[in-house]
Every structure is written in C-alpha cells, then in structure tokens.
Amino acid sequence: MSQIPSDKTWGERMALTIMQQSPEAWKMMHYKLLSSPKWDYTYGLVLMSFQNLYQKTGDETYLKYGKEYVDTLVDTEGNIKNVKGDKFSLDMLNGGKLLFTLYEKYRDERYLKALKKLRTQIEWQPRTKSGGFWHKKIYPYQMWLDGLYMGSTFWAIYAKYFSEPQASYDDIAHQFKLAEEKTYLPETGLLAHAWDESGIQKWADDSGKSPHVWSRALGWYAMALVDTLEVFPEDHKDKAELVAILERLCKVLEKYQHESGLWYQVTDKGERFGNYLETSGTAMFSYAMAKGVRLGYLPKKYNKVAHKAYNGIINGYVQIDELNHELHLTHTVGGTGLGNSPYRSGSFEYYVQEAVRTNDPHGVGAFILASVELEK
C-alpha cells in the first residue's frame, strides 16, 4: 500500500484512505460482508462527499470512484438494483443525489432515467394524515428526522434541476416544518429522533414522540436544511421559516456542545453512564453550521462552533497509521433506528449500546463534507 500524503487536507486524506482500503466503493462497509454491490443511503452520503471534493479540487479520481459504484447498479433503462419502489423507503432516494453531477459530466441517459424513477417514488410515497412522508412502508405513519436528508433534500435538488412548480417547494417546506413541530421537545428545544402519528409504537409517548434525542438524527436534519436551502427559491414564502428552523436548531445545539467540541450520542444526557462523544453527529453539525454561514443563513459566530467541532474530531478521534498514514476515524455509532424486528425501543440504553465503529461510512462521509466546508 502507498502512503497517504500528509500535505493534503484532512478530507482528501480520509477519501484517499477509503479508496485505498476499498478500491471498489461498495466494499467500504467491511462489517456487512456483502457479496455484491448494493444501493444504500450510506454510499450516497460518502460518495456525495467525494463529489464535493471533486468540485473543490477538480481531481476526477474522486468523481470516478463514485461513478464506478453507480454504474454497477444502474442499468441502461435507469433501473437501480435492489431499489423496489413498492417498499417506499426514503433511504433509497439519497443515492439519487449522485446522479445529477454524473449526468452533467457524462450525459449518460441512464442517469437521467434513474432520476425520474426515483422521483416517481416521491409521487406515491405514503403519508401521515398531516401530509408527512412515512420513513418507509414498514414504518407506517412515522416521520424520522433522517428522512428529511434522504427524501426531501433529494426532491429539492430535483425540483430545481427540472424547474418544478412552486407546489413542489410548498410540499418540501411542509415536510421540514411538520417534522420540527411534531418532534420538538419544549424542555430542551431539541428534536426527538422520530414521531409516530398513530401512537401505536411502543416507543411513542402520548404525543407520538420517540423518547430520546439522537445526535445523528439531528445531524441528518441540520444537513438537510442547509442542502435544501441552497437550492430553494429565494422568493418562496416559506424560505424564511426554513432559515429560522435552522437557526433555532443551531442555537440550542451550541448549548449542548461539549468542551472538546463534540456532541454526545444522546445529545442532552451528557455524562450519564454509558453516553459517549460521537463523531458522525458532530461532523454533521460542523458541516451544517459552516455551510449555513457560507450561504448567509446563519450568523458568522457559528463558524467558530463548527471549527471547534471539526478540530475536536481531528485532535481526539482521528488516528494516523504509522506505516502508511491512513486515517482512522473512531467513535462513530453504526446503524440506529426504531421498531422493526428485533424491536428497537429507542431507550437511552439502546442508543448507547449500539455498535461503535472505526471508519464507519456515516462518520467518514460527514467528516469529508465538513472538511470541504472548513478547509478552504
């Protein structure tokens, strides 16, 4: 193996590490032991960060790494392997964000066809009675904060790209406003991980909220806000409210930032036994705040908060291999959800006992995104 050059940004060094460890992108989730490529939101996150590196550096190596992954899964008719529209999983939409840049660069019609097929899912996505998208068909009447990044942001980018009418943006804004309204916890100002309109789930309280605040869920929501605002029409009636939601969220997050710069896995439970400082949520907050400032939607003071978070990760949670200088990002929680089988209760104990991994894609992707925003 070759040495990772130390004169590049932390984000590039992380990307080069991932490419060296997994020459084929679909193999980056070593712990899953996949036998063939799979379309999943985690690849969408990491490879979008690679596209951002490409946009910043002009180095097509980062773009082609993701292109090779997409090309193994999208056929000539735009069908995506393992994406079944009748499952109505918002997670499946996230990888669609990769297709816009690939189509612009290579003009391959299958990318365009795949985009339109993913858009069709949105048209038929089941909704709560109040108009919010179900996270998946297997999670009826449930909105998860994660889903705003997966689905609503994809739709916003699509709506701009294809010049959709104002009604699309009205609906997109409604998803964000409804999610905040239904998950808001007045005692802290934070947002619960999810909301069950039906109240049937064992994890739901009397108002349908899940019992705890999970930093990565808040991170998905924060990133969704800034990425959506970036493409949202300036004159739209709801844009100011989306900006206000972002600022409310960042204001309360600043209060819960640890002196190290990081945030805890269960955001508002601090040093309760078992809780720990978690890197993916922290990197997501760092990215969202830095980008929010750059786009003019957040006060400049949040740049300081973002840098403190990013530097906290580098100083305490990035290990450098002595032999080949590969980076190892530690303290990233693996997959975390609610319900299903075996049943995930959303208890404090559940969140802090989930697997913690090194170079997990959730952390890697968010870390590279933050690097692109902060290392200019």
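Residues numbered from 1 in each chain as written. Predicted model: local features only at pLDDT ≥ 70, side-chain atom pairs only at ≥ 80, totals over all residues. Heavy atoms only, no water.

K.L.:
Could you clarify how one ought to interpret the overall build of the chain in this entry?
P.N.:
A tally of regular secondary structure across the chain gives 13 helices and eight strands. The C-alpha radius of gyration of the chain comes to 19 Å, within 12% of the 21 Å expected for a compact globule of 376 residues. Evaluated residue by residue, the chain yields a buried proportion of 60% over its 376 residues. Taking the contacts inside the chain whose residues are at least 6 apart along the sequence as the reference set, 71% of them involve residues at least 24 apart. Just so you have it, the chain exposes about 15,200 Å², and 50% of that area is on carbon and sulfur atoms. (Helix = DSSP H or I, 4+ residues; strand = E, 2+ residues; numbered from the N terminus. Rg over C-alpha atoms; globule rule 2.2 N^0.38 Å. Buried < 20%, exposed > 50% of the residue type's maximum accessible area, 1.4 Å probe, protein only. Contact = heavy atoms within 4.5 Å. Areas by Shrake-Rupley, 256 points an atom, 1.4 Å probe, with all protein chains shown as cover.)

K.L.:
Would you take a moment to explain the packing of aromatic side chains for this structure?
P.N.:
Given two aromatic rings, one states the distance between the centres and the angle between the planes to describe the pair. What the rule picks out here adds up to 21 aromatic pairs. Centre to centre, the rings of W39 and Y69 are 6.2 Å apart; their planes meet at 15 degrees, and the pair counts as stacked. Placement of the pair is W39 in the loop between α1 (10-21) and α2 (41-57) and Y69 in helix α3 (residues 60-71), with a sequence separation of 30 residues. Y69 carries the same exposure label as W39, and that label is buried. Judged by centre distance (5.8 Å) and plane angle (45 degrees), the rings of F176 and Y221 are tilted. Taken together, the residues F176 in helix α7 (residues 166-183) and Y221 in helix α8 (residues 215-231) connect sequence positions 45 residues apart. Of the two residues examined, F176 and Y221, each falls in the buried class. (Phe/Tyr/Trp six-rings, centres within 6.5 Å; stacked < 30°, edge-to-face > 60°.)

K.L.:
Please clarify how the side chain of T183 should be interpreted in this entry.
P.N.:
The residue T183 is located in helix α7 in this model. Owing to a relative accessible area of 2%, T183 belongs among the buried residues under this scheme. A polar contact of 2.6 Å, which involves the side chain of T183, links it to the backbone oxygen of A179. Among all residues touching T183, those that are not within four sequence positions of it are L145, L190, L191, A192, A194, W195 and K209. (Polar contact = N/O pair within 3.5 Å; in protein donor to acceptor, adjacent residues only side chain to side chain.)

K.L.:
Explain the packing of helix α9 (residues 239-256) against helix α11 (residues 301-317) here, please?
P.N.:
The description of two helices packed together rests on the angle between their axes and the distance between the axes. Close contact between α9 and α11 brings their axes to 11 Å; oriented N to C, the two are set at 55 degrees. Between α9 and α11, the crossing angle belongs to the class labelled oblique. Considering the relative orientation of α9 and α11, their crossing is left-handed. Of α11, the residues touching α9 (which contributes E247, C250, K251 and E254) are K301, Y302 and V305. Taken together, the residues of the contact of α9 with α11 sort by class into three nonpolar, no polar and four charged. (Axes fitted to C-alpha atoms, helices over the stretch in contact; angles between N-to-C directions. Parallel < 35°, antiparallel > 145°, perpendicular 65-115°, else oblique. Left-handed = near helix turned anticlockwise from the far one by under 90°. Nonpolar A, V, L, I, M, F, W, Y, C, P; charged D, E, K, R; others polar.)

K.L.:
How should the nonpolar core be read in this particular structure?
P.N.:
What tends to happen in soluble globular proteins is that the nonpolar side chains get buried as a cluster. In terms of nonpolar packing, the biggest core is built from 130 residues, with M28, F50, Y69, V70, L218, Y221 and M289 touching the most fellow members. Counting residues per element, this core draws most heavily on α8, which supplies eleven residues. Ignoring any residue separated from it by four or fewer positions in sequence, one finds Y69 in contact with A25, W26, K38, W39, D40, Y43 and L47. (Core = buried A, V, L, I, M, F, W, Y, C linked by side-chain atoms within 4.5 Å.)

K.L.:
What should I look at first to understand the pattern of salt bridges in this one?
P.N.:
Once their charged atoms are close, side chains differing in charge can pair, the charge on each being opposite to the other. Summed over the entire model, instances satisfying the criterion amount to 26 salt bridges. Across the pair E60 and K105 runs a salt bridge, and its minimum N-O distance is 2.8 Å. Note that E60 is positioned in helix α3 and K105 in helix α4 (residues 97-106), a separation of 45 residues in sequence. Between R294 and E373 there is a salt bridge, with the nearest N and O atoms lying 2.8 Å from each other. Here the residue R294 occupies a position in helix α10 (residues 279-294), and E373 occupies one in helix α13 (residues 361-374), the gap between them amounting to 79 residues. Using a relative accessible area of 42% as the deciding quantity, one classes R294 as partly exposed. (Salt bridge = Lys/Arg side-chain N within 4 Å of Asp/Glu carboxyl O.)

K.L.:
It is not clear to me how a positive patch on the surface should be interpreted in this structure. Could you clarify?
P.N.:
The grouping of K32, K38, K84 and K87 at the surface amounts to a positive patch. Position of K84 among the secondary structure elements: in the loop between α3 and α4. Exposure remark for K84: the relative accessible area of 52% places this residue in the exposed category. (Patch = residues over 30% accessible without salt bridge, like charges linked within 9 Å, V, L, I, M, F, W, Y side chains within 5 Å. Lys, Arg positive; Asp, Glu negative; His and termini not counted. Charge placed at Lys NZ, Arg CZ, Asp CG, Glu CD.)

K.L.:
So what exactly am I meant to see when it comes to the packing of α2 against α13 here?
P.N.:
Viewed as axis vectors pointing N to C, α2 and α13 meet at an angle of 20 degrees, and their least axial separation amounts to 8 Å. As judged from the angle between their axes, α2 and α13 are roughly parallel. In this structure, the crossing between α2 and α13 has a hand that is left-handed. Where α2 approaches α13, its residues Y41, T42, L45, V46, S49, F50, N52, L53 and K56 are matched on the opposing element by P361, H362, V364, G365, A366, I368, L369, S371 and V372. The class makeup of the residues in the contact of α2 with α13 is eleven nonpolar, six polar and one charged.

K.L.:
I keep staring at the environment of V305 and nothing clicks. Help me out?
P.N.:
With respect to the helices, strands and loops of the structure, V305 is situated in helix α11. For the pair V305 and P165, spaced 140 residues apart in sequence, the C-alpha to C-alpha distance is 37 Å. The contact partners of V305, leaving out residues within four places of it in the chain, are E254, Q257, W263 and M289.

K.L.:
I tried to follow the side chain of S152 on my own but got confused; where do I start?
P.N.:
Position of S152 relative to the elements: it lies in helix α6 (residues 146-161). Ignoring sequence-local partners within four residues, the contact set of S152 consists of G147, I172, Q175, F176 and T228.

K.L.:
Just to check I follow, could you spell out α10 for this structure?
P.N.:
Residues spaced three or four apart along an α-helix face the same direction, because each turn holds 3.6 residues. Here α10 contains 16 residues, and its C-alpha end-to-end distance of 22 Å stays within 8% of the 22 Å for a straight helix at 1.5 Å per residue. Looking one or two residues past α10, G296 carries a phi angle of roughly 85 degrees, positive in sign. (Expected span 1.5 Å × (residues − 1).)

In short, shape yes, function no, at least from these values alone.
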